[in-house]
Every structure is written in structure tokens, then in C-alpha cells.
Amino acid sequence: QKYIQAEVLFVKIFKMNTLLPDEICYHYGKTLFELKKYPQSKTFTEKYIRLQGENGQFYLDALQLQLDNEKKLDPLASKECEKIINDTCHLCHGHG
């Protein structure tokens, strides 16, 4: 329920047509993810990463959110990525 309310507030803020901090893209992306609006969440999270780069306050959280979006948007690709990660070490298969 709180994410639905947050989305409504974000839309109102965006309609104000004023300069907003880059961090709003991350927070809106997170809200959209929680509402299962994965393509839109991905778009706003990518925008935050593009604007702030590695120095952004939420950079690592945004990267994780991107991974979470990818898992929801393409579950098969997610499993393939996990397989690649586990197979990086031929001795321990990622279990170190």
C-alpha cells in the first residue's frame, strides 16, 4: 500500500516540471520494482546509474536492483548468469 502511495507522489513530483536530484531516479526505480513494474524500474535505475556513476550514494544498491530487475524480466538469463558465476573456478565452481 505504501508503494502505491509513493508512486502517486512521485508522479505528482514529476509533473511539477522542476529540477530534481538524481537520487529520485533510484528511489522511484525501487518503488516501481516493489510494485512489480520491472521494465519501468529498470529504466529509472539505469538512469540513476548513468547520472551518478560509481560515485552515487546508491550506486551499489542500484546495481543490485538492476540484477533483481533482470531476474524478474528474464529468469532464464538469470540462471545462465548463476551458472557462469559458479563455473568461473574449475576447481571449486564458485564455492571457494
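Up top is the structure.
Residues numbered from 1 in each chain as written. Predicted model: local features only at pLDDT ≥ 70, side-chain atom pairs only at ≥ 80, totals over all residues. Heavy atoms only, no water.

### A few points about the packing of aromatic side chains
- Applying the stated rule across the entire model yields nine aromatic pairs.
- A centroid spacing of 5.0 Å and a plane angle of 70° characterise the contact between Phe-14 and Tyr-28, whose relative ring orientation is edge-to-face. A residue pair is termed long-range when its members are at least 10 positions apart, and Phe-14 in helix α1 (residues 2-15) and Tyr-28 in helix α2 (residues 23-34) qualify at 14 residues.
- Judged by its relative accessible area of 30%, Phe-14 falls in the partly exposed class.
- Between Phe-14 and Phe-44, the ring centres sit 5.9 Å apart and the planes meet at 20°, which makes this aromatic pair stacked. With Phe-14 in helix α1 and Phe-44 in helix α3 (residues 38-52), the pair connects residues that are 30 residues apart, well separated along the chain.
- Judged by its relative accessible area of 23%, Phe-44 is partly exposed.
- Three or more aromatic residues link up through ring pairs in this structure, and these residues are Phe-10, Phe-14, Tyr-28 and Phe-44. (Phe/Tyr/Trp six-rings, centres within 6.5 Å; stacked < 30°, edge-to-face > 60°. Helix = DSSP H or I, 4+ residues; strand = E, 2+ residues; numbered from the N terminus. Buried < 20%, exposed > 50% of the residue type's maximum accessible area, 1.4 Å probe, protein only.)

### Here's the deal with the packing of α1 against α2
- Remark: α1 packs on α2, axes separated minimally by 9 Å, with the N-to-C direction vectors making an angle of 140°. Our classification of the angle between α1 and α2 gives oblique. Here the hand of the crossing between α1 and α2 comes out left-handed. Between α1 and α2, the residues in contact are Tyr-3, Ala-6, Glu-7, Phe-10, Val-11, Ile-13 and Phe-14 and Ile-24, His-27, Tyr-28, Thr-31, Leu-32 and Glu-34, respectively.
- Here the residues of the contact of α1 with α2 are counted per class, giving nine nonpolar, two polar and two charged. (Axes fitted to C-alpha atoms, helices over the stretch in contact; angles between N-to-C directions. Parallel < 35°, antiparallel > 145°, perpendicular 65-115°, else oblique. Left-handed = near helix turned anticlockwise from the far one by under 90°. Contact = heavy atoms within 4.5 Å. Nonpolar A, V, L, I, M, F, W, Y, C, P; charged D, E, K, R; others polar.)

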